[in-house]
Amino acid sequence: MAETDPCQEEREEMVEFQILARGVRNPRVLAAMRKIPRHLFVPKGYERAAYEDRPLPIGEGQTISQPYIVAVMTEQLDLAPQDRVLEVGTGSGYQAALLAELAGTVISVERLEDLADRAQKNLARAGVAGVRVIVGDGTEGYPPGAPYDAIIVTAASPTVPEPLIDQLAEGGRLVAPIGPRDCQDLIKLVKHEGQVEKIPLGGVCFVPLIGQFGWRGEGSP
Ligand code: SAM
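Residues numbered from 1 in each chain as written. Predicted model: local features only at pLDDT ≥ 70, side-chain atom pairs only at ≥ 80, totals over all residues. Heavy atoms only, no water.

Engineer: Break down the packing of aromatic side chains for me, with residues and values.
Structural biologist: Taken as a whole and judged by the stated rule, the model has 1 aromatic pair. The side chain of Arg 38 reaches across the aromatic face of Tyr 94, ending 5.0 Å from its centre. (Phe/Tyr/Trp six-rings, centres within 6.5 Å; stacked < 30°, edge-to-face > 60°. Lys NZ or Arg CZ within 6 Å of the ring centre and 35° of its normal.)

Engineer: Which residues make up a negative patch on the surface, and what values go with them?
Structural biologist: Together, Glu 9, Glu 10, Glu 13 and Glu 16 make up a negatively charged patch on the protein surface. Residue placement: Glu 13 occurs in helix 1 (residues 8-19). By relative accessible area, which is 41% here, Glu 13 ends up partly exposed. (Patch = residues over 30% accessible without salt bridge, like charges linked within 9 Å, V, L, I, M, F, W, Y side chains within 5 Å. Areas by Shrake-Rupley, 256 points an atom, 1.4 Å probe, with all protein chains shown as cover. Salt bridge = Lys/Arg side-chain N within 4 Å of Asp/Glu carboxyl O. Lys, Arg positive; Asp, Glu negative; His and termini not counted. Charge placed at Lys NZ, Arg CZ, Asp CG, Glu CD. Helix = DSSP H or I, 4+ residues; strand = E, 2+ residues; numbered from the N terminus. Buried < 20%, exposed > 50% of the residue type's maximum accessible area, 1.4 Å probe, protein only.)

Engineer: Lay out helix 4 (residues 94-102) in plain terms, naming residues and giving numbers.
Structural biologist: Here helix 4 lies mainly inside the structure; 7 of its 9 residues are buried. Those residues of helix 4 not exposed but buried are Tyr 94, Gln 95, Ala 96, Ala 97, Leu 98, Leu 99 and Leu 102.

Engineer: Give me the sheet that holds strand 6 (residues 148-153): which residues, what numbers.
Structural biologist: Pairing within the open sheet is mixed, and its 7 strands lie in the order 5-4-3-6-7-8-9. Looking along the sheet, the strands with just one partner apiece sit at the ends: strand 5 (131-135) and strand 9 (195-204). Across this sheet, the average inter-strand angle for adjacent strands is 15 degrees, counted without regard to direction. For strand 3 (residues 84-88) and strand 6, the ladder comprises 4 bridges, and the chain directions are parallel. Across the sheet, Glu 87 pairs through a bridge with Ile 152, a residue of strand 6. Across the sheet, helix 3 (residues 67-76) touches strand 6, strand 7 (168-178), strand 8 (184-192) and strand 9, and the angle it forms with strand 7 is around 160 degrees. (Pairing = 2+ DSSP bridges. Axes fitted to C-alpha atoms, helices over the stretch in contact; angles between N-to-C directions. Contact = heavy atoms within 4.5 Å.)

Don't take any of this as a statement about function, it's just geometry.
Listed below in structure tokens is the structure:
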């Protein structure tokens with residue numbers, strides 16, 4: 001991590017006014033969001049907007065999610081320091097950096113090679129070690145790393161991809177936006193004795209998850 005961080009104050013304000021004020025309370029999540037330099041995960045020219053209360057474009061028609069939504073999803077994963085986590089949709093690498101702060105093993109799958117490359121550079125620049133970025137179709141999960149204590153899907157699909165449920169450990173938590181193309185319901189699944197309990201978390205709008213167990217292509221229904 002850089003020793004002189006010009007954005008520490010902006011991060012403090014982001015946490016206080018966008019995240020704590022809206023009810024996220026997990027102290028480990030709040031500490032991670034105070035620590036990870038979000039401005040290093042946005043494209044050149046967007047650094048000044050990095051701590052604003054909105055998603056930002058990261059190229060290839062994709063986005064880095066709004067800080068509050070990142071915080072809610074991360075809190076709902078209930079991460080412990082030794083947990084194994086799968087992220088589907090690496091994007092900028094920002095969410096993966098937070099996961100690496102909170103869990104033991106982080107594997108992140110990204111469909112677009114250019115974004116995966118950029119995410120790896122962003123992670124290195126931010127001094128975050130311990131995230132394994134894989135290029136591939138994350139709707140299939142990543143079987144070599146399974147089972148996972150937590151799975152976070154940061155793109156939206158019509159239903160929860162079945163392989164992800166299969167790769168969830170007993171007691172594991174999965175958080176994903178599920179529903180139509182434009183806006184969706186954020187849901188949490190918890191696996192108990194092979195069965196999944198579903199907990200709705202509210203409305204969100206995410207870019208589509210494109211793959212074998214998600215949306216089938218840019219223009220498909
Ligand atoms: N978590 C990211 C971050 O912190 O910047 C934001 C993710 S962005 C909202 C959604 C990402 O999901 C995009 O980078 C997109 O390319 C990726 N994606 C879409 N379908 C995918 C798939 N089947 N497998 C892996 N990644 C996918």
